[in-house]
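# Coordinate analysis (summary)
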Amino acid sequence: MLVVNRFRAGEDPVGLRADLELVHGLLAEQPGYAGGWVGRNVDDPDLWTLTTHWVNVGAYRRALSAYDLKLHGVPVLSRAIDEPGAYEVVEPGGVLNVVESRVT
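To start, this report covers the structure provided alongside it. These figures come from a predicted structure and were not determined experimentally.

## Some thoughts on the pattern of salt bridges
Where charged atoms of side chains with opposite charge meet at close range, the side chains can pair. Applying the stated criterion across every chain yields a total of five salt bridges. Measuring nitrogen to oxygen at the nearest pair gives 2.5 Å for the salt bridge that ties R8 to D44. A residue pair is termed long-range when its members are at least 10 positions apart, and R8 in strand 1 (residues 2–8) and D44 in the loop between strand 2 (33–40) and strand 3 (47–54) qualify at 36 residues. The salt bridge involving D19 is made with R79; its shortest N-O contact spans 3.2 Å. Of the two residues, D19 is situated in helix 1 (residues 13–28) and R79 in the loop between helix 3 (67–77) and strand 4 (86–87); the sequence distance between them amounts to 60 residues. Overall, D19 belongs to the partly exposed group, its relative accessible area being 24%. Residue classification places R79 among the partly exposed residues on the basis of a relative accessible area of 45%.

## A closer look at the sheet that holds strand 4
As summarised here, the arrangement of the four strands in space is 2-3-1-4, forming an open sheet in which the pairing is antiparallel. The open sheet has two edge strands, strand 2 and strand 4, and neither has a second partner. Note that strand 1 and strand 3 share seven bridges and pair antiparallel. Paired with R6 across the two strands is T49, which belongs to strand 3. The strands that helix 1 touches are strand 1, strand 2 and strand 3; relative to strand 3, the one it contacts most, it runs at about 5°.

## What to know about helix 1
Compared with the 22 Å implied by 1.5 Å per residue over 16 residues, the 22 Å span of helix 1 between its first and last C-alpha is a close match. Residues of helix 1 that are buried include every one of G15, L16, L20, V23, H24, L26 and L27, and no others. For helix 1, the angular spread of the buried residues around the axis is 165°, confining them to a single face. At its buried positions, helix 1 is contacted by strand 1, strand 2, strand 3, helix 2 (57–63) and helix 3.

## A closer look at the environment of G94
As for its position among the elements, G94 is in the segment after strand 4. Since its relative accessible area comes to 38%, G94 is described here as partly exposed.

## Side note on the nonpolar core
Counting residues in hydrophobic clusters, the biggest one holds 20 residues, and the most contacted among them are F7, L20, V23, L27, L50, W54 and L69. Secondary-structure elements contributing two or more residues to this core are strand 1, helix 1, strand 3, helix 2 and helix 3. The element best represented in this core is helix 1, accounting for five residues. Non-local contacts of L69, meaning those with residues more than four positions away in its chain, are made with V23, L26, L27, Q30, A63, L64 and V74.

## Some remarks on the packing of aromatic side chains
One pair of aromatic rings is described through two measures. These are the centre distance and the angle between the planes. Tallied over the entire structure, the rule returns two aromatic pairs. Ring centres of Y33 and W54 lie 5.5 Å apart, and the angle between their planes is 80°; on these two criteria the pair is classed as edge-to-face. Residue Y33 is located in strand 2, and its partner W54 is located in strand 3; the two are separated by 21 residues in the primary sequence. Connected via pairs of aromatic rings, a cluster forms that spans Y33, W54 and Y60.

Here is what the cut-offs are and how they apply
Residues numbered from 1 in each chain as written. Predicted model: local features only at pLDDT ≥ 70, side-chain atom pairs only at ≥ 80, totals over all residues. Heavy atoms only, no water. Salt bridge = Lys/Arg side-chain N within 4 Å of Asp/Glu carboxyl O. Helix = DSSP H or I, 4+ residues; strand = E, 2+ residues; numbered from the N terminus. Buried < 20%, exposed > 50% of the residue type's maximum accessible area, 1.4 Å probe, protein only. Pairing = 2+ DSSP bridges. Contact = heavy atoms within 4.5 Å. Axes fitted to C-alpha atoms, helices over the stretch in contact; angles between N-to-C directions. Expected span 1.5 Å × (residues − 1). Arc of directions from axis to C-beta. Core = buried A, V, L, I, M, F, W, Y, C linked by side-chain atoms within 4.5 Å. Phe/Tyr/Trp six-rings, centres within 6.5 Å; stacked < 30°, edge-to-face > 60°.

Structure, rendered in structure tokens:
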């Protein structure tokens, strides 16, 4: 599972980068984390992303329940652009989830 959170840096790109690196580090310590990175858009340097890869959706959701993430991560993640950010990885011949919106 991939999670893509996009952010606008606004007046403080250095602060946003530091915040995203901190949150990425906290997420990387959680069980089920499979990889990830902080990135900045090539054409629009104000647009940043925190992208993480998880073994499954449950691992990601459990990671958000960790104390340090509730304390330091959720305030940063709440500043993300409001859009769906969870994606299933599409592999050749793989069975995909049902095509319908999910409410959590």
